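In case you want the letters, here they are:
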Amino acid sequence: MTATIEPTIIKEHLPSASARLSLAPTSSGPGLLDGAWWPRSRDLLREIPTLTGVLDACWGRITRVTVNPAHWPVIPRKVPVAGHTVHVGWFADEQDPNKVILLSYTVGRLDLLVIPPETEPAAAARLMAAATVPGGIRTASGLMADEAMSHDAAEARGREEGWETDGGAAAAAGAAIGILSSALRR
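The following refers to the structure shown. (Residues numbered from 1 in each chain as written. Predicted model: local features only at pLDDT ≥ 70, side-chain atom pairs only at ≥ 80, totals over all residues. Heavy atoms only, no water.)

Some words on the nonpolar core
If you look at the biggest cluster of nonpolar residues, it comprises 19 residues, and the most contacted ones within it are Trp37, Ile48, Ile62, Val65, Val100 and Leu102. Elements with a minimum of two residues in this core: helix 2 (44-59), strand 3 (62-67), strand 4 (78-81), strand 5 (84-90), strand 6 (99-104) and strand 7 (108-114). It is helix 2 that contributes the most residues to this core, 5 residues altogether. In terms of nonpolar packing, the next biggest core, distinct from the first, is built from 12 residues, Leu33, Trp38, Leu127 and Met144 among them. (Core = buried A, V, L, I, M, F, W, Y, C linked by side-chain atoms within 4.5 Å. Buried < 20%, exposed > 50% of the residue type's maximum accessible area, 1.4 Å probe, protein only. Helix = DSSP H or I, 4+ residues; strand = E, 2+ residues; numbered from the N terminus.)

Points about the pattern of salt bridges
A side chain of one charge can pair with a side chain of the opposite charge if their charged atoms are brought near each other. What the rule picks out here adds up to 5 salt bridges. With its nearest N and O atoms 2.6 Å apart, the salt bridge here joins Glu147 to Arg126. Residue Glu147 is found in helix 4 (residues 140-165), and its partner Arg126 is found in helix 3 (residues 121-131); the two are separated by 21 residues along the sequence. We classify Arg126 as partly exposed; its relative accessible area is 42%. Notably, a salt bridge pairs Arg138 with Asp146, separated by 3.0 Å at the nearest N-O pair. Residue classification places Asp146 among the partly exposed residues on the basis of a relative accessible area of 33%. Connected via shared salt-bridge partners are Lys99, Arg109 and Asp111. (Salt bridge = Lys/Arg side-chain N within 4 Å of Asp/Glu carboxyl O.)

Here we look at the pairing of strand 3
Among the 6 residues in strand 3, 5 count as buried, and that is most of the element. Where strand 3 and strand 6 come together, 4 bridges link them in antiparallel fashion. Bridging across to strand 6, Thr66 finds its partner in Ile101. Examined bridge by bridge, strand 3 and strand 5 share 4 bridges and lie parallel to one another. Pairing of Thr66 across the sheet is with Gly89, part of strand 5. (Pairing = 2+ DSSP bridges.)

As for the layout of surface pockets
Size it by volume and the largest pocket reaches roughly 250 Å³. Around the largest pocket, the lining is made up of 17 residues, and of these Ala24, Pro25, Thr26, Asp34 and Leu110 lie nearest the centre. Grouping the constituent residues of the lining of the largest pocket by class yields 10 nonpolar, 6 polar and 1 charged. (1 Å grid on protein atoms, 1.4 Å probe; cavity = no way out; pocket = protein on both sides within 12 Å on 5 of 7 lines; lining within 4 Å. Points joined across faces, edges and corners; volume = space filled by probe spheres on them. Nonpolar A, V, L, I, M, F, W, Y, C, P; charged D, E, K, R; others polar.)

What to know about helix 2
Every buried residue of helix 2 is listed here: Leu44, Glu47, Ile48, Pro49, Thr50, Leu51, Thr52, Leu55 and Trp59. Between a side-chain oxygen at the N-terminus of helix 2 and the backbone nitrogen of Leu45 the separation is 3.1 Å; the capping residue is Asp43. One or two residues past the end of helix 2 sits Gly60, with phi positive at roughly 120°. (Polar contact = N/O pair within 3.5 Å; in protein donor to acceptor, adjacent residues only side chain to side chain.)

In structure tokens form, the structure reads like this:
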């Protein structure tokens with residue numbers, strides 16, 4: 001007997017590339033976050049198998065995941081992963097929107113900062129480093145707000161440098177002097 005499998009069905013069940021994950025050192029003191037995860041999409045059916053594939057091997061079988069629905073358009077109740085099923089729950093008010101909580105029967109709980117998939121690599125690297133500081137006291141949303149402020153400040157500096165490169169204050173002063181001298185000649 002021959003079975004035909006649609007290529008699109010196969011593609012939907014394949015996990016994305018390796019998980020982009022950074023964990024705090026296990027010997028470090030407890031902090032608010034245990035690390036950071038930078039998923040490639042907002043598709044939990046695709047992303048959870050990749051994440052749990054890495055963590056199951058080094059941390060223990062992940063059995064439950066909780067998210068805040070603010071950043072996830074679809075939240076499946078169950079996600080099939082290699083050899084078992086991960087149950088997914090959500091908490092709108094109780095859980096930080098920038099955090100995912102992973103539970104394992106053997107080890108306990110991991111709280112990870114979720115870095116949005118569209119984040120630039122340099123910003124993601126800074127966030128991953130900040131989330132793995134031993135004994136860190138910043139929340140997931142606090143780290144995201146810090147990064148947003150840092151990004152805004154860098155953009156403002158870039159605009160100012162661009163303005164100075166184009167003549168900046170000297171060009172503006174020269175234009176004002178030119179306008180003033182034309183007015184005086186009249």
